[in-house]
2 protein chains.
Amino acid sequence: MTRISGGVCAAKGFTANGIHCGIRKNRTKRDLALIYSQTRAACAGVYTQNLVKGAPIAVTKAHISDGFAQAIICNSGNANTCNFDGVEIAEGMGAIAANKLGIDPRDVVVASTGVIGLPMSLEPIQNGIDELAAGLSTEGSGFAAEGIMTTDTRKKEVAVEFELDGKTCRIGGIAKGSGMIHPNMATMLVFITTDAAISPTMLQKALSGDIRDSFNLLSIDGDTSTNDMVIVLANGLAGNREISTGGEDFEAFRQALSQVTVSLCRMIAGDGEGATKLLECSVSGAADEITAKTVSKSIICSSLLKAAMFGADANWGRVLCAIGYSGAKTDVNKIDVCFKSAKGEILVCKDGHGVDFSEEKAKEILLEDEIDIIINLNSGEASAKAWGCDLTYDYVKINGDYRT
Amino acid sequence: MTRISGGVCAAKGFTANGIHCGIRKNRTKRDLALIYSQTRAACAGVYTQNLVKGAPIAVTKAHISDGFAQAIICNSGNANTCNFDGVEIAEGMGAIAANKLGIDPRDVVVASTGVIGLPMSLEPIQNGIDELAAGLSTEGSGFAAEGIMTTDTRKKEVAVEFELDGKTCRIGGIAKGSGMIHPNMATMLVFITTDAAISPTMLQKALSGDIRDSFNLLSIDGDTSTNDMVIVLANGLAGNREISTGGEDFEAFRQALSQVTVSLCRMIAGDGEGATKLLECSVSGAADEITAKTVSKSIICSSLLKAAMFGADANWGRVLCAIGYSGAKTDVNKIDVCFKSAKGEILVCKDGHGVDFSEEKAKEILLEDEIDIIINLNSGEASAKAWGCDLTYDYVKINGDYRT
């Protein structure tokens, strides 16, 4: 498997674009994105489990219920959530895109992200659609990635190339993250495209399995968004024999998908609202996978640990504390904890108790941008990884006055 | 029921004191507290459900397993948690107090709060016990309340007077809170004393019931501490007929206890680490009590809402979002949301959708120190209240470098 460039346009037959159409006041920020496949593509999706759901969620679910789609339209700046006319607006967005592209409105995935409860108008979208569609190109992934950003400071794109059935396939994605990120059986906005041929059923199976090891182990702030969605489009233009059952090809596809989703997870975590550090928590030696996942996620969700990481403070007691309240059953007297970064690795806790360690060395390790928190529960063979970020002044600043 | 002064010394026969003995380096901060009853008292306790438990938890549980105790010794500055000799040190603290007071070591409640995983010495406690015991007085509640503080900025004391069986009784308490506060069937450190006569069984029943409506509906940062404990001592010196079954007296006692615990909850929430505001979330119209509690707690735990409250931003979408992911089943299209403070009340969401409101008036209301978030689910008769605080720059500052 090789990392390649191109994001959602890396796969054959996909073009994308992103423009400023006026939903946001700031003219320098793109606020509307379009992704288009030259042929109808198998489509799978997972969505937020929040009971309060953005209107686009219902519209997209209905549209892709036949397993196919051909385009994705997404705006930022307004979540189109808790509005009386939300479904009408979401259907309207889809229709504007379908009309321009000459495709069936039911083949359009619709998504929105931004402020909840702000009335939304179709006018800027109607006004911008010509420019948006005219600019669709295989170079447009970055513009689309910018168009879906909210408080993100960097666009998030990734793509890989892999082989299926002797044919070269590509899979790539873009994501927006930053705040209100604590996916629960679904996630923030992620759009993934591939030219691999795979049936809608197997595509959904691959996606639903994947998120348990990727987006569901990611948290920025413990708040599960109302508008989370991950969509994969597979147009089959790579020419491989269609994957329609499990087996070697399906496993190869899953691995490629995982490469894309885990990369996006790390990008989202590292660019969490106000974040200065990406935290990756690796748990091994767990009795079973659920324990490993519960422990790793509890650690990256702890406000106290997140603040300690911001301060580069090797306060391992907070790691133990978060394991203890996680709900996972494990012998706390067997837990080892290391902190690791590009500057080295340091053992701070052995068998659930503190060990002598150099605070100076620990500080040096924790001052880096990417910190691995490595836990061995010494109670079995299962392992898991979870991703998060530090808690900083800027998180408070960004969210103290988000709407203005 | 009347509010009175005196804290843990308001009830007959109780004395207390707090001193600086040297566990903390800062000489101006008291770090050791003692509460003493002139007669053995019925005793009840609830403890953290964190699997990682401070050594004093095990020692105290064993000591009060017979339902009685006569003194409480508690230090701040060191949690005596995750230390190999933790139980030995906690037993040692109890023995030092018992020896000085001339009571059975098994009648001493032992508690610690502070940094996890820092080796602890008995030396400062041994050196300070003479001064600590000599200073025991009915005026000493405030000193004891200061002795158990960690990052608290204010001591927390309350007491009330009530009648049982024609006799005047008193019940009062002190608490420490501030950080790592997200009680789960137990709580931070709270010590309550009463001169009411009540059997150990009924005292435990009253306490275990009470915390479901008080401390278990409190959260500062979502982190359940390793050292949480609430202890009640009842020495019976008020002379009422001992409460040994349910009935009118038991209900009166429960009401008085609730007055004390809810007051302490509000004090702990309002003085959460870095907090500038006390948040009280009142949920009514719920189908059942569990729904009301789940919803109210989810709201006061939302990092996004807490940051919005810090910024006095009426971002009610975050309230809806937190209800939606709370896990409670409720019709989101029936939810009403108001913000209220000393400056007035404002409806911001009706039937799950935004209403026109004056942002200026909302800002004026939200700039106050105590904010009520009032939710009506319009789906039943049950209600609940939960307490929390805003998320501020100072929370990050305090926890970015707690150990130094």
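Starting afresh in each chain, residues are numbered from 1 along the sequence in its written order. As a convention, the first chain written is A and the first ligand written is 1, with the rest following in written order. This being a predicted model, a pLDDT of at least 70 is required before a residue's local features are given, and a value of 80 or more before pairs of side-chain atoms are given or counted; all residues contribute to the totals for chains, interfaces and linings.

1. Description of the interface of chain B and chain A
Formally: Think of it this way: build a C-beta for each residue from its backbone, and any pair within 7 Å is a contact. Strands are runs of DSSP state E lasting at least two residues, helices are runs of H or I lasting at least four, and both sets are numbered from the N terminus onward. The classification used treats Ala, Val, Leu, Ile, Met, Phe, Trp, Tyr, Cys and Pro as nonpolar, Asp, Glu, Lys and Arg as charged, and all other residues, Gly among them, as polar.
Tallying the contact residues gives 48 residues for chain B and 48 residues for chain A. The biggest single contributor to the side of chain B that touches chain A is helix α9 (residues 317-324) of chain B, with six residues. Class assignment of the residues belonging to the side of chain B that touches chain A gives a composition of 22 nonpolar, 21 polar and five charged.

2. Focus on the nonpolar core
Convention followed: In these notes, a nonpolar core means any group of buried Ala, Val, Leu, Ile, Met, Phe, Trp, Tyr and Cys residues linked to one another through C-beta atoms within 7 Å. Every C-beta atom is placed from the backbone, and the number of other C-beta atoms within 10 Å of a residue's own sets its class: buried at 20 or more, exposed at 12 or fewer, partly exposed in between.
Membership of the largest hydrophobic core comes to 289 residues, with the highest contact counts inside it found for A:L34, A:I35, B:L34 and B:I35. In contact with B:L34, not counting residues within four places along its chain, are B:A16, B:N17, B:A71, B:I73, B:A97, B:L132, B:A133, B:L136 and B:A144.

3. Thoughts on the sheet that holds strand β10 (residues 278-286) of chain A
All names here are of chain A. As a reminder of what qualifies: In this scheme, strands are said to pair when DSSP sees at least two bridges between them. Axis lines are fitted through C-alpha atoms, for helices just across the contact stretch, and the angle between N-to-C directions can take any value from 0 to 180 degrees.
Across the sheet, six strands lie side by side as β13-β12-β11-β14-β10-β15; this open sheet has mixed pairing. In this open sheet, the two strands that pair with only one neighbour each are β13 (353-354) and β15 (382-389). Summarising the sheet, strand β11 (residues 336-341) and strand β14 (residues 370-376) pair through five bridges and their orientation is antiparallel. Paired with K340 across the two strands is D372, which belongs to β14. Docked against the sheet, helix α7 (residues 289-301) engages β10, β14 and β15, running at close to 20° with respect to β15.

4. Some words on the domain arrangement of chain A
Residues and elements named next belong to chain A. This is how the line gets drawn: Where each domain starts and ends follows an automatic or database-derived domain assignment.
Each domain of chain A was delimited in the assignment, giving domain 1 (2-270) and domain 2 (278-400). Computed over C-alpha atoms, the centres of domain 1 and domain 2 are 31 Å apart. Tallying the contact residues gives eleven residues for domain 1 and 15 residues for domain 2.

5. Considerations on the pairing of strand β10 (residues 278-286) of chain B
Residue and element names in this part refer to chain B. Summarising the sheet, β10 and strand β14 (residues 370-376) pair through seven bridges and their orientation is parallel. When the sheet's bridge partners are listed, S284 is paired in β14 with N376. Here β10 pairs with strand β15 (residues 382-389) via seven bridges, running antiparallel. In the sheet register, L278 faces β15, and the bridge partner there is C389.

6. Comments concerning the relation of the copies chain B and chain A
Our working definition: A least-squares superposition brings the copies together, and it is based on the C-alpha atoms of residues with pLDDT no lower than 70 in both.
Superposing chain B onto chain A takes a rotation of 180° combined with a translation of 0.0 Å along the rotation axis, leaving an RMSD of 0.0 Å. Here the symmetry operator amounts to a two-fold rotation axis. For chain B, the minimum C-alpha distance to the rotation axis belongs to B:Y393 and amounts to 2.5 Å. With an isologous cut-off of 70% or more, the 100% of interface residues of chain B that recur at the interface of chain A puts this contact in the isologous class.

7. Observations regarding the packing of helix α1 (residues 55-63) of chain A against helix α2 (residues 86-101) of chain A
Residues and elements named next belong to chain A. For clarity, the threshold we go by: Roughly parallel means an angle under 35 degrees; roughly antiparallel means over 145; roughly perpendicular covers 65 to 115; every other angle is labelled oblique. What makes a crossing left-handed is the near helix being turned counterclockwise from the far one by less than a right angle; a clockwise turn instead makes it right-handed.
Two numbers describe how α1 lies on α2: the axes approach to 8 Å, and their chain directions differ by 55°. Considering their axes alone, α1 and α2 lie oblique with respect to each other. Crossing of α1 against α2: the hand is right-handed. Residues A55, P56, A58, V59 and H63 of α1 form the contact with α2, whose own contacting residues are G86, V87, I89, A90, E91 and G94. Residues that form the contact of α1 with α2 fall into these classes: seven nonpolar, three polar and one charged.

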